Amino acid sequence: MEANKQNVKTQKHHMGMRAKNRISNIIAYIVLVLMSIIWLIPFFCILMESFRCESTWQVGYVFPHQWGFDNYINLFKETDFGKWYLNTFIIALFVAVFQTIIVLSVSYTLSRLRFKGRKLLMNICLVLGMFPGFLTLIVLYRVLSGFNLTGPNSVPGLILVGVASSGMGYYVSKGYFDTIPRSLDEAARIDGATRFQVFYKVIMPLAKPIVIYTILTAFMGPWGDFLFASYIAHGTSKGMNVAVGLQSLISSPASLASSYTMFCAGGVLVAIPVTVLFMFLQKYYVEGVTGGAVKG
């Protein structure tokens, strides 16, 4: 009898715990759904504004009275959006490729090799990384201006700046490489592999998440850059990226009234590549962040 009572109490306890867990999960899902809806409302409004054809200024309603693609067509016909978009893509692509190569090479070196001055180099990079980038705007502009890499020639200048100091962003990648057993390197070296072969043929296949994470972060930086890009382009449409170009459409009250819906259409087009990349590579992005967040 006592055993049966104990079993009944245990079952009731388990049922109560399951019910509490179910209720807590439901509450958590409701909160997350509400947060997602609140977060998506501005993007939904911008999307609706981009299809509004009855007016070009800001209005007090969300759903257009007249739907169409006029704003997208006028964006390419009346502005240099195609040039801005191409400039941004070229900058982001070159920076993503070269920055990924440099970051992964520096991260592997600091993770696997032990040499004199290694700790000092890491500390210097850490300290320098604490200073905000806008402190160097004037110096960088003077240097790029001396090489005629501003204004209409700002695209190679922005690529150069984006790649130049990329090695300092080794922290997350190095943390991920630290999680890969060093015994794999030693086994490959015993079999006659060079350092580069170990890096390319052994470590890289195991580090796919951090490679994709590095590519995404390197691509995102130039794609959404406004402050430095506007400073380097200094009003020259030929050298603008999409962020600077779209801002010029609404830089005054008159242009805001006449170009607001085109601005929204441009915002939608700018968001598409990044959204697609994150949708397909989200799993690797999360693995790269969590895998690299270790003490190294």
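Residues numbered from 1 in each chain as written. Predicted model: local features only at pLDDT ≥ 70, side-chain atom pairs only at ≥ 80, totals over all residues. Heavy atoms only, no water.

Engineer: Help me get a handle on the overall build of the chain, residues and values and all.
Structural biologist: Looking only at helices and strands, the chain features 13 helices and zero strands. Element order for the chain, N to C, with α for helix and β for strand: α-α-α-α-α-α-α-α-α-α-α-α-α. Here the C-alpha atoms of the chain give a radius of gyration of 26 Å, more than 25% beyond the 19 Å that 2.2 N^0.38 yields for 296 residues. In terms of its C-alpha atoms, the chain occupies a principal-axis envelope of roughly 85 × 60 × 35 Å. For the chain, buried positions account for 33% of its 296 residues. Accessible area for the chain stands at about 18000 Å²; split by element, carbon and sulfur atoms hold 70% of it. Across the chain, the 24 positively charged side chains and the 12 negatively charged ones have centroids separated by 13 Å. (Helix = DSSP H or I, 4+ residues; strand = E, 2+ residues; numbered from the N terminus. Rg over C-alpha atoms; globule rule 2.2 N^0.38 Å. Buried < 20%, exposed > 50% of the residue type's maximum accessible area, 1.4 Å probe, protein only. Areas by Shrake-Rupley, 256 points an atom, 1.4 Å probe, with all protein chains shown as cover. Lys, Arg positive; Asp, Glu negative; His and termini not counted. Charge placed at Lys NZ, Arg CZ, Asp CG, Glu CD.)

Engineer: So what about the environment of Y108? Which residues, and what values?
Structural biologist: If you trace the backbone, Y108 turns up in helix α3 (residues 81-112). Since its relative accessible area comes to 6%, Y108 is described here as buried. Spatially, the C-alpha atom of Y108 lies 8.9 Å from that of I203, the residues being 95 residues apart in sequence. Once you skip the residues sitting within four places of it in the chain, Y108 turns out to touch L113, F177, D185, R195, V198, F199 and I203. Within polar-contact distance, the side chain of Y108 engages the side chain of D185 at 3.3 Å. (Contact = heavy atoms within 4.5 Å. Polar contact = N/O pair within 3.5 Å; in protein donor to acceptor, adjacent residues only side chain to side chain.)

Engineer: Describe a positive patch on the surface, with residues and values.
Structural biologist: Among the surface-exposed residues, R114, K119, R182, R189 and R195 lie close enough to one another that they form a single positively charged patch. Along the chain, R195 turns up in helix α9 (residues 195-206). (Patch = residues over 30% accessible without salt bridge, like charges linked within 9 Å, V, L, I, M, F, W, Y side chains within 5 Å. Salt bridge = Lys/Arg side-chain N within 4 Å of Asp/Glu carboxyl O.)

Engineer: Which residues make up the environment of V244, and what are the values?
Structural biologist: Summarising the element assignment, V244 is placed in helix α12 (residues 242-249). Separated by 114 residues in the primary sequence, V244 and M130 place their C-alpha atoms 26 Å from one another. Setting aside residues up to four positions removed in sequence, V244 forms contacts with F226, A229 and S230.

Engineer: Tell me about the packing of α3 against helix α10 (residues 208-223), and please be specific about residues and values.
Structural biologist: Each pair of packed helices can be described by the angle between their axes along with the distance between the axes. Running from N to C, α3 and α10 point in directions that differ by 140°, and their axes come no closer than 8 Å. Between α3 and α10 the crossing geometry is right-handed. Seen from α3, the contacting residues are Y85, T88, F89, I91, A92, L93, V95, A96, Q99, T100, V103 and L104; seen from α10, they are I210, V211, T214, I215, A218, F219, P222 and W223. Its residues placed into classes, the contact of α3 with α10 shows 16 nonpolar, four polar and no charged. (Axes fitted to C-alpha atoms, helices over the stretch in contact; angles between N-to-C directions. Left-handed = near helix turned anticlockwise from the far one by under 90°. Nonpolar A, V, L, I, M, F, W, Y, C, P; charged D, E, K, R; others polar.)

Engineer: Break down a nonpolar patch on the surface for me, with residues and values.
Structural biologist: Taken together, the side chains of L120, I124, L126, V127, L128, M130, F131, F134, L135, Y171, F226 and L227 make up a nonpolar region of the molecular surface, amounting to roughly 1200 Å² of accessible area. If you tally residues by element for the nonpolar patch, the top one is helix α4 (residues 118-128), at five residues. Summarising the element assignment, L227 is placed in helix α11 (residues 227-233).

Engineer: Go over the layout of surface pockets, please, and point to the residues and values.
Structural biologist: Approximately 1200 Å³ is the volume attributed to the largest pocket. Taken together, 40 residues line the largest pocket, and the ones lying closest to its centre are Q99, V161, G162, S165 and S166. Within the residue set of the lining of the largest pocket, elements represented by two or more residues are α3, α5 (137-146), α6 (154-164), α7 (171-178), α10 and α11. With six residues, α10 is the single largest residue contributor to the lining of the largest pocket. Within this model, the second largest pocket holds a volume of roughly 730 Å³. For the second largest pocket, the lining is made up of 20 residues, of which F43, G267, V270, A271 and T275 are closest to its centre. At the level of secondary structure, the elements contributing two or more residues to the lining of the second largest pocket comprise α1 (2-50), α10, α12 and α13 (253-292). Ranked by residues supplied to the lining of the second largest pocket, first place goes to α13 with nine residues. Residue composition of the lining of the second largest pocket, grouped by class: 17 nonpolar, three polar and no charged. (1 Å grid on protein atoms, 1.4 Å probe; cavity = no way out; pocket = protein on both sides within 12 Å on 5 of 7 lines; lining within 4 Å. Points joined across faces, edges and corners; volume = space filled by probe spheres on them.)

Engineer: So what's going on with the packing of α9 against α10? Which residues, and what values?
Structural biologist: Their axes nearest at 5 Å, the elements α9 and α10 cross at an angle of 80°. In terms of orientation, α9 and α10 fall into the roughly perpendicular class. Judged by residue contacts, M204, P205 and L206 of α9 engage K208, P209 and V211 from α10. The class makeup of the residues in the contact of α9 with α10 is five nonpolar, no polar and one charged. (Parallel < 35°, antiparallel > 145°, perpendicular 65-115°, else oblique.)

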